[in-house]
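Descriptive structure summary
Residues per chain are reported as follows:
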Amino acid sequence: MPKHGSPEAPTQATERPVGAPGNAGAAMKPFVGQDAVVEFFRRTGENNLAHAYLFWGPRGVGKRTFATWLAARLHCENPGDFPLGMCGRCGPCLRSLAGSSGDTVVVDEEFIREADRLAGKALERKTDVIGIEASRRIITLMQMHSYEGGRLVCIVPNFDYATGDPAYNALLKELEEPSPGKLFLLTAERPDRIPATIRSRTIAVPFVPLTDELIARTLREHYGVEAKRADAVARRAQGSLGDALAALEGEGGSLFEAVREWVAGCLREPRRIPRTPALPGDDPRRETAEALRFARLVVRDALAVALGGSAHVLDPESLRIYEGVVAAMGSDVPQRLIHASRAVAEAARLADETNIPPAQILGWLQVNLRSV
Ligand SMILES: [Zn+2]
């Protein structure tokens, strides 16, 4: 049986191994879905690869990730199925997983910045444009021999956005004189932005949006996201695992923490307008009700701290925040917090009994909390 990157090598295309154990989130990300792409390369076979491919399709669906997997598989010393069966244990695999393979050149922002630095150039300009320096560095690196004795792979993500004439010319030169020791993998959302002279020298491979179900499962199994949240995030991601992961990152702390910060900010510094807590947006009415429930808890606990009781039941972070609120509010704190508590109750009533949009209710509460 061929070896794979994970101990229990699954057989179905959509359940193939994703990332070596314990390495999720490092240089190589889980690659999921895109069965047609995998099948296309399986049929092509390792020995019949062309010298340049253009992976095109929407963002966040695995174009660049597939390129890194393909490169790692080509460099693996104990490879399994083509195109994804890497052993995950040999030297080249470990270097691939760590993002430090000498045989894979990834022309990302870091690469461009480094090329500028090596050329002694100032770093002020935009780094997502492949300039003369980066183009020269691509050519130099691709002229070297492979460290591992295999193929040199050059991955150029977002080739439709990140280019200028130097890059086109450098790449065109490489593509006009194909070498069996080199493989170019370009990715693009909009292949029509790429000059036809380059496009015609690559094989275009379409990538498609992922299903909600697959995104949710990937979030659960590879990123430890709780099932309900994974479903909600996946539904909003419109087929893009990258967008789903970005949304999770953007959510940051919990809703409770966001509400606590918001309410405390309104009370502590009424002249400044704090950021209203971002609701995940899946079910605004339910989430508003939840946010208001948290707001009531926050005001209640702040009142408890103001009255000098039950502070010992709070976690240290909350205690620190409420002590800050009480200190900043100065005089009449308990009375004003009781007003605040009434305002929260009124907001909860409005949310429950009227059709006033959630954003307006939170805005109304914000005005009231800042003037108690
Ligand atoms: Zn290997």
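Treat the numbers as computed from the prediction; the structure is a model and nothing was measured. (Residues numbered from 1 in each chain as written. Predicted model: local features only at pLDDT ≥ 70, side-chain atom pairs only at ≥ 80, totals over all residues. Heavy atoms only, no water.)

1. Points about the coordination of the zinc ion
Protein-derived ligands of the zinc ion are Cys76 (SG), Cys87 (SG), Cys90 (SG) and Cys93 (SG), with the metal-ligand distances lying across 2.2 to 2.4 Å. Its four donor atoms give the zinc ion angles of 103 to 123° at the centre, a pattern that matches the tetrahedral case. Taken in chain order, the donor set of the zinc ion reads C-x10-C-x2-C-x2-C. On the criterion of sequence distance, the pair formed by Cys76 in the loop between helix 2 (63-75) and helix 3 (91-97) and Cys87 in the loop between helix 2 and helix 3 is long-range, its members being eleven residues apart. Assigned by exposure class, Cys76 and Cys87 land together as buried. (Donors = N, O, S within 2.8 Å, 3.2 Å for Na, K, Ca; no water. Tetrahedral: all angles 85-135°; square planar, octahedral: opposite > 155°, others 65-115°. Helix = DSSP H or I, 4+ residues; strand = E, 2+ residues; numbered from the N terminus. Buried < 20%, exposed > 50% of the residue type's maximum accessible area, 1.4 Å probe, protein only.)

2. Focus: the pairing of strand 4 (residues 182-188)
Strand 4 sits mainly inside the fold: seven of its seven residues count as buried. Because side chains alternate across strand 4, one face comprises the buried residues Lys182, Phe184, Leu186 and Ala188, and the other comprises Leu183, Leu185 and Thr187, equally buried.

3. Here's the deal with the nonpolar core
Formed by 45 residues in total, the largest nonpolar core has its most connected members in Phe41, Phe55, Phe66, Leu185 and Leu219. Excluding residues within four positions of it along the chain, Leu219 makes contact with Gly224, Val225, Ala230, Val233, Ala234, Leu241, Ala244, Leu245 and Leu248. Leu255, Ala264, Phe294 and Ala347 belong to the second-largest nonpolar core, a separate cluster that totals 33 residues. (Core = buried A, V, L, I, M, F, W, Y, C linked by side-chain atoms within 4.5 Å. Contact = heavy atoms within 4.5 Å.)

4. Some words on empty space enclosed by the protein
Rolling a probe over the atoms, with the probe sized like a water molecule, indicates the empty space that remains. According to the stated counting rule, one finds two cavities of 30 Å³ or more in the structure shown. The computed volume of the largest cavity comes to approximately 40 Å³. Around the largest cavity, the lining residues are Ile130, Ile138, Val156, Phe159, Ala167, Ala170 and Leu171. The element contributing the most residues to the lining of the largest cavity is helix 6 (residues 165-176), with three residues. Here the lining of the largest cavity is composed, by residue class, of seven nonpolar, no polar and no charged. Of the pockets and cavities examined, the second largest cavity occupies roughly 30 Å³. As for the second largest cavity, its lining consists of His51, Glu174, Glu177, Pro178, Ser179, Lys182 and Phe184. In terms of residue class, the lining of the second largest cavity is built from two nonpolar, two polar and three charged. (1 Å grid on protein atoms, 1.4 Å probe; cavity = no way out; pocket = protein on both sides within 12 Å on 5 of 7 lines; lining within 4 Å. Points joined across faces, edges and corners; volume = space filled by probe spheres on them. Nonpolar A, V, L, I, M, F, W, Y, C, P; charged D, E, K, R; others polar.)

5. Comments concerning the sheet that holds strand 3 (residues 152-156)
Spatially, five strands are ordered 2-3-4-1-5 in an open sheet, and the strand pairing comes out parallel. Of all strands in the sheet, those bounded by a partner on one side alone are strand 2 (104-106) and strand 5 (203-206). Sheet twist, expressed as the average angle between the axes of neighbouring strands with direction ignored, equals 20°. Taken together, the five bridges between strand 1 (residues 52-56) and strand 4 define a ladder with parallel strand orientation. When the sheet's bridge partners are listed, Trp56 is paired in strand 4 with Ala188. (Pairing = 2+ DSSP bridges. Axes fitted to C-alpha atoms, helices over the stretch in contact; angles between N-to-C directions.)

6. Describing the side chain of His75
Along the chain, His75 turns up in helix 2. The exposure class of His75 is buried, given its relative accessible area of 5%. Filtering out sequence-adjacent residues up to four positions away, His75 remains in contact with Pro92, Ser101, Asp103, Thr104, Arg151 and Val153.

7. Examining the environment of Ala302
Examined against the element boundaries, Ala302 turns out to sit in helix 12 (residues 284-306). Distance in space between the C-alpha atoms of Ala302 and Glu323 is 7.6 Å, their sequence separation being 21 residues. If sequence neighbours within four positions are ignored, Ala302 has contacts with Tyr322, Val326 and Leu337.

8. What about the pattern of salt bridges?
A complete count under the given rule lists 16 salt bridges for this structure. Across the pair Arg64 and Asp108 runs a salt bridge whose closest N-O atoms are separated by 3.6 Å. In this pair, Arg64 sits in helix 2 while Asp108 sits in the loop between strand 2 and helix 4 (109-118), placing the two residues 44 residues apart along the sequence. Relative accessible area serves as the criterion here: at 21%, Asp108 is assigned to the partly exposed category. Overlapping salt bridges bring together Glu261, Arg268, Glu269 and Arg272 as one network. (Salt bridge = Lys/Arg side-chain N within 4 Å of Asp/Glu carboxyl O.)

9. Let's talk about helix 1 (residues 35-44)
Within helix 1, burial applies to Val37, Val38, Phe41 and Thr44. One face of helix 1 carries all of its buried residues, which in axial projection span an arc of 125°. Exposed residues on helix 1 whose side chains face more than 90 degrees from its buried face are Ala36 and Arg43. Tucked into the core, helix 1 has its buried residues touching strand 1, helix 2 and strand 5. Gly45 sits one or two positions beyond helix 1 and adopts a positive phi of about 85°. (Arc of directions from axis to C-beta.)

10. A short note on the confidence of the model for the protein
Of all residues in the protein, 84% have pLDDT values of 70 or greater, and the mean over the chain is 81. Across residues 1-26 the pLDDT falls below 50, and counting only partners more than four positions away or on other chains, this stretch makes 50 contacts in the model. (pLDDT = per-residue confidence, 0-100.)

11. Re the packing of aromatic side chains
One pass over the full model with this rule turns up ten aromatic pairs. Centroid distance Phe40 to Phe41: 5.1 Å. Interplanar angle 85°. Geometry classified as edge-to-face. On the basis of relative accessibility, which here comes to 33%, the residue Phe40 falls in the partly exposed class. The class of Phe41 is buried, set by a relative accessible area of 0%. Plain terms: the ring middles of Phe55 and Phe207 are 5.2 Å apart, the flat faces sit at 45° to each other, and that makes the pair tilted. Pair noted here: Phe55 is in strand 1 and Phe207 is in the loop between strand 5 and helix 8 (212-223), with a separation of 152 residues, a long-range link. Both residues of the pair, Phe55 and Phe207, count as buried. Chaining the aromatic ring pairs together yields one cluster made of Phe31, Phe40, Phe41, Tyr53, Phe55, Phe66 and Phe207. Between the NZ or CZ atom of Arg137 and the centre of the ring of Phe111, over which it lies, the distance is 4.6 Å. (Phe/Tyr/Trp six-rings, centres within 6.5 Å; stacked < 30°, edge-to-face > 60°. Lys NZ or Arg CZ within 6 Å of the ring centre and 35° of its normal.)

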